[in-house]
Amino acid sequence: MNNSPFVRKAASVQSVMLQVLLALLPGIAAYVWFFGPGILVQLALASAAALAGEAAMLAIRGKPKALFLTDLSAIVTAWLIALSFPPIVPWWLTVTGTLLAVVVIKQLYGGLGQNPFNPAMGAFCLMIVAYPALMSQWPAAGQLDFSTQLQLIFGGVREVDAITGATPLDALRTALRSAASPDSELHGLRAAQLMDGPAFGWLGGKGGEWVALGYLVGGLWLIQRRIITWHIPVAFCGALFASALVLWGLRPEGFASPLFHLASGGAMLGAFFILTDPVSGGTTAKGKLNFAAGAGVLNWVIPSFGAYPDGVAFATLLMNILVPLIDMKTQAPVFGHKKD
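Remember, predicted model here, so these are calculated numbers, not experimental data.

With that out of the way, let us pick up the overall build of the protein. Across its full length, the protein holds 16 helices and 0 strands. Out of the 340 residues belonging to the protein, those deemed buried represent 48%. Looking at the protein alone, contacts between residues at least 24 apart form 73% of all its contacts between residues at least 6 apart. About 16,600 Å² of surface is accessible on the protein, with carbon and sulfur atoms providing 67% of the total.

Structural data, given as structure tokens:
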């Protein structure tokens, strides 16, 4: 019988990133089932752009290309970008966003482990500000066949009204605001009554709630594998749920339910795959809780009162700014010294 202490072999970056990619597969499978295989094209475009941008910057910086190109960190960033963008955005937008993430937000700050901001969410925010119309074109579940998706991705005519609709978060928000108006035919209806439209499923958006479930399954697997800890997902989901619960409990006719917020948009992707970035997120256990809780509150405030229907990206970047302060305030005192 072996005696303690036991020393665990440190996992390589490649091994960790590979497991993150594997954890994304259940969500991607649900994505393809409900929204079509166009997302696979976007994943391939983003991956190719990420590797090309990474290789170019490594050559310029005089770094070993083989070592860093095979660690899969660029591929993880690429997949998160593709899964955050609408699946029918033009190819050049996916490529541009990915190059900005890898070249500017990651490599110009020193490469892996040096970036203060989440590269994927930085790219999302830049693209939605620069191209708000294209970044708002989301097809409904089962709306477009693969041929149409390919035409749109590679330069087809974009008849916006014919190919897209509002995201479930945006659709419900608009309906709730209409229900608050005395002159509207929806006046007085609650969120549960407004969610009878074709864009909605049981809890969130039709199809999107199953994608969220896929991310949840993959995220729980990452916790079981000890790739991530429970702190960030629990704090984020708890803060989002509690924030939504307060006003939904007071005014159910004016706000979406907490479960709707958790099952819609990028909440599950953010909780398990975006905010858990070990570089741009909190490092201490208490810091992770504070970081994720702040992001959860912001992720409710932004779609509820702001102009954007999904707040994961902006919430992530805003909390990234506060990480140095959070870590400083939550760092354990050095042994033998009193905490200030």
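Next comes the rest of the description.
End to end, helix H2 (residues 38-61) covers 35 Å across 24 residues, agreeing with the expected 34 Å (1.5 Å per residue, within 8%). Note on H2: the residue one or two positions beyond its end, Gly62, has a positive phi of about 70 degrees.

A separate point is the side chain of Asn299. Inspection of the secondary structure puts Asn299 in helix H15 (residues 285-305). A polar contact is formed between the side chain of Asn299 and the backbone nitrogen of Gly311, at a distance of 3.4 Å. Dropping the residues within four chain positions of it, Asn299 is found in contact with Phe236, Leu240, Ala267, Asp310, Gly311, Val312 and Ala315.

With that out of the way, let us pick up the environment of Gln137. Turning to its location among the elements, Gln137 is positioned in the loop between helix H6 (119-130) and helix H7 (146-153). Gln137 sits 49 residues away from Ile88 along the chain, and the two C-alpha atoms are 7.4 Å apart.

So, about the packing of aromatic side chains. Enumeration according to the criterion identifies 5 aromatic pairs in this entry. An angle of 65 degrees between the planes, with centres 5.5 Å apart, marks the rings of Tyr31 and Phe35 as edge-to-face. Of this pair, Tyr31 and Phe35 both sit in helix H1 (residues 13-35), separated by 4 residues, roughly a single helical turn. Consider the rings of Trp300 and Phe305, whose centres lie 5.5 Å apart with planes at 85 degrees: the pair is edge-to-face.

We now examine the packing of H6 against helix H16 (residues 312-330). It is the contact of H6 with H16, at a shortest axis distance of 9 Å, that shows an interaxial angle of 120 degrees. Taken as axis vectors, H6 and H16 run oblique relative to one another. Considering only the axes of H6 and H16, their crossing is left-handed. Across from Met121, Gly122, Phe124, Cys125 and Ile128 in H6, the residues of H16 making contact are Val312, Ala313, Phe314, Thr316 and Leu317. Its residues placed into classes, the contact of H6 with H16 shows 8 nonpolar, 2 polar and no charged.

Backbone geometry places Leu72, a non-glycine residue, at a positive phi of 70 degrees. Counting through the fold element by element, Leu72 comes out in the loop between helix H3 (65-69) and helix H4 (73-84). The residue Arg226 is not glycine, and still its phi comes out positive at about 65 degrees. On the basis of relative accessibility, which here comes to 63%, the residue Arg226 falls in the exposed class.

Right, let's get into the pattern of salt bridges. According to the stated counting rule, one finds 1 salt bridge in the structure shown. Note that Glu54 is salt-bridged to Lys106, the shortest N-O span being 3.0 Å. Here the residue Glu54 occupies a position in helix H2, and Lys106 occupies one in helix H5 (residues 91-106), the gap between them amounting to 52 residues. In terms of burial, Glu54 and Lys106 fall into one category: buried.

Formed by 71 residues in total, the largest nonpolar core has its most connected members in Leu24, Leu83, Tyr215, Phe236 and Phe273. Residue contacts for Leu24: discarding those within four places in its chain leaves Trp79, Leu80, Leu83, Tyr215, Leu269 and Phe273.

This part takes up the packing of H4 against helix H14 (residues 267-274). Put simply, H4 and H14 touch, their axes get as near as 12 Å, and they point 170 degrees apart. By the angle class used here, H4 and H14 are roughly antiparallel. Counted together, Leu80, Leu83 and Ser84 of H4 and Leu269, Phe273 and Ile274 of H14 form the full contact between these two elements. For the contact of H4 with H14, the class distribution of residues is 5 nonpolar, 1 polar and no charged.

So, on to helix H12 (residues 231-250). Taking 1.5 Å of rise per residue, 20 residues should cover 28 Å, and H12 covers 29 Å from first to last C-alpha, within 8% of that figure. Taken residue by residue, H12 has His231, Ile232, Pro233, Ala235, Phe236, Cys237, Ala239, Leu240, Ser243 and Ala244 as its buried positions. Close packing links the buried residues of H12 with helix H11 (208-224), helix H13 (258-263), H14 and H15.

Per-chain confidence: the protein averages 84 in pLDDT, with 79% of residues scoring 70 or above. The secondary structure element of the protein with the lowest average pLDDT is helix H10 (residues 191-194), at 50, and the one with the highest is H4, at 97.

Okay, the environment of Gly36 next. Within the secondary structure, Gly36 is located in the loop between H1 and H2. C-alpha separation for the pair Gly36 and Ala141, spaced 105 residues apart in sequence, amounts to 8.1 Å. In this view, Gly36 contacts Tyr31 and Gln149; residues no more than four positions away in its chain are not counted.

On to the side chain of Ser84, then. Following the sequence through the fold, Ser84 ends up in helix H4. In this structure the side chain of Ser84 is engaged in a polar contact, spanning 2.6 Å, whose partner is the backbone oxygen of Leu80. For Ser84, the residues in contact, after removing those within four places along its chain, are Met121, Phe124, Trp138, Leu269 and Ile274.

What counts and how
Residues numbered from 1 in each chain as written. Predicted model: local features only at pLDDT ≥ 70, side-chain atom pairs only at ≥ 80, totals over all residues. Heavy atoms only, no water. Helix = DSSP H or I, 4+ residues; strand = E, 2+ residues; numbered from the N terminus. Buried < 20%, exposed > 50% of the residue type's maximum accessible area, 1.4 Å probe, protein only. Contact = heavy atoms within 4.5 Å. Areas by Shrake-Rupley, 256 points an atom, 1.4 Å probe, with all protein chains shown as cover. Expected span 1.5 Å × (residues − 1). Polar contact = N/O pair within 3.5 Å; in protein donor to acceptor, adjacent residues only side chain to side chain. Phe/Tyr/Trp six-rings, centres within 6.5 Å; stacked < 30°, edge-to-face > 60°. Axes fitted to C-alpha atoms, helices over the stretch in contact; angles between N-to-C directions. Parallel < 35°, antiparallel > 145°, perpendicular 65-115°, else oblique. Left-handed = near helix turned anticlockwise from the far one by under 90°. Nonpolar A, V, L, I, M, F, W, Y, C, P; charged D, E, K, R; others polar. Salt bridge = Lys/Arg side-chain N within 4 Å of Asp/Glu carboxyl O. Core = buried A, V, L, I, M, F, W, Y, C linked by side-chain atoms within 4.5 Å. pLDDT = per-residue confidence, 0-100.

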